[in-house]
Amino acid sequence: MSRRIHPTAIIDERARLGEDVEVGAYCVVGPDAALGDGVVLHNHVTVMDRTVIGSESVVYPYAVLGAEPQDLKYAGGETRLTIGERVRIREHATVHRGTELGGGETRIGNDCLIMVGVHVAHDCIIEDEVVIANGTMLGGHCLVEFGAGIGGGAGLHHFTTVGTLAFVGGMARVSKDVPPYVVCQGDPAEPRKLNTTALMRRRLPVDLIDQLRDAFKRLYRSPELPSQATIESLRAGPRTPREVHRLCDFVERTQSGTFGRQREADRNANADDRVG
């Protein structure tokens with residue numbers, strides 16, 4: 001087993017380190033933290049307690065991972081931060097643990113890139129292959145689905161969802177859910193176009209992209225908000241692809257949410273259950 005630990009690094013005796021781990025100068029690794037095989041911590045990285053980092057992930061200087069959540073309701077519970085494999089977390093990024101009321105875990109999937117100065121708050125879920133650009137701020141309980149991208153300086157309201165292969169433009173203010181396959185920009189952010197760049201990079205068939213483009217126009221280019229009649233019409237097609245169904249399902253859930261956020265409605269429902 002080969003590990004490269006700088007003599008100035010401080011590693012708690014209860015931390016677990018895999019093979020071929022590299023820990024640079026002045027890093028701190030807290031109790032019950034776990035670094036998978038091949039993890040690299042550059043200098044001045046802080047990994048706090050109950051944080052798991054998957055194999056071959058790389059963390060750059062001054063990132064702080066697994067700090068207590070900035071939530072006044074947090075009562076000191078043994079919550080967690082779980083980071084997947086082959087994740088790149090750049091300088092000065094901060095990712096906080098979960099809270100007792102939010103499920104107890106913040107989670108980042110595999111093959112993600114978290115750029116300089118990004119903040120991922122408590123109880124967020126970042127799925128695989130997500131890219132979040134410099135200075136972006138995610139409020140608590142956000143969900144960013146597979147393959148989505150977020151431009152620099154964007155701000156996401158807590159409990160918002162960014163759908164599969166969607167893109168949020170730089171400096172956007174996101175207070176409502178972002179549909180899958182769509183580009184959202186502005187203050188407040190609104191759907192602008194189909195995210196053809198991501199769809200082409202994923203090598204989706206041209207006819208499927210055309211069907212998604214038609215669905216986007218029917219949903220978002222009418223004078224009114226996406227109507228139930230339009231959603232049902234899109235679903236009723238004899239050869240409607242699953243991607244169009246996913247878009248329709250997402251829009252329907254968002255409309256039934258609270259302030260345009262489906263996860264916000266789930267929170268309210270769970271609160272009602274606890275009261276009852």
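Given the structure is predicted, the values throughout are model-derived calculations rather than measurements.

Caption draft 1: Expanded view of the sheet that holds strand 23 (residues 155-156). Ordered in space as 2-5-8-11-14-17-20-23-26, the 9 strands form an open sheet in which the pairing is parallel. Each end of this open sheet is capped by a strand with a single partner; those strands are strand 2 (10-11) and strand 26 (173-174).

Caption draft 2: Here's a closer look at the pattern of salt bridges. One pass over the structure, following the stated rule, counts 19 salt bridges. Two residues, Asp214 and Arg218, come together in a salt bridge whose shortest N-O distance is 3.8 Å. With Asp214 and Arg218 both in helix 2 (residues 206-220), this residue pair falls 4 residues apart, about one helical turn. The class for Asp214 is partly exposed, based on a relative accessible area of 39%. Take Arg218: its relative accessible area is 34%, and that puts it in the partly exposed class. Three or more residues are tied together by salt bridges with common partners; here these are Glu232, Arg235, Asp249 and Glu252.

Caption draft 3: Region of interest: the packing of aromatic side chains. Per the stated rule, a full pass over the model turns up 1 aromatic pair. Their ring planes at 35° and their centres at 5.3 Å tell us that Phe216 and Tyr220 sit as a pair that is tilted. Here the residue Phe216 and the residue Tyr220 both occupy positions in helix 2, the gap between them amounting to 4 residues, near one helical turn. On the basis of relative accessibility, which here comes to 3%, the residue Phe216 falls in the buried class.

Caption draft 4: Inspection of the pairing of strand 12 (residues 80-83) at higher detail. Judged by which residues are buried, strand 12 turns out to be one-sided: Leu81 and Ile83 face inward and are buried, whereas Arg80 and Thr82, on the alternate face, are not. For strand 9 (residues 51-53) and strand 12, the ladder comprises 3 bridges, and the chain directions are parallel. Within strand 12, the residue paired with Val52 across the bridge is Thr82.

Criteria and cut-off values
Residues numbered from 1 in each chain as written. Predicted model: local features only at pLDDT ≥ 70, side-chain atom pairs only at ≥ 80, totals over all residues. Heavy atoms only, no water. Pairing = 2+ DSSP bridges. Helix = DSSP H or I, 4+ residues; strand = E, 2+ residues; numbered from the N terminus. Salt bridge = Lys/Arg side-chain N within 4 Å of Asp/Glu carboxyl O. Buried < 20%, exposed > 50% of the residue type's maximum accessible area, 1.4 Å probe, protein only. Phe/Tyr/Trp six-rings, centres within 6.5 Å; stacked < 30°, edge-to-face > 60°.

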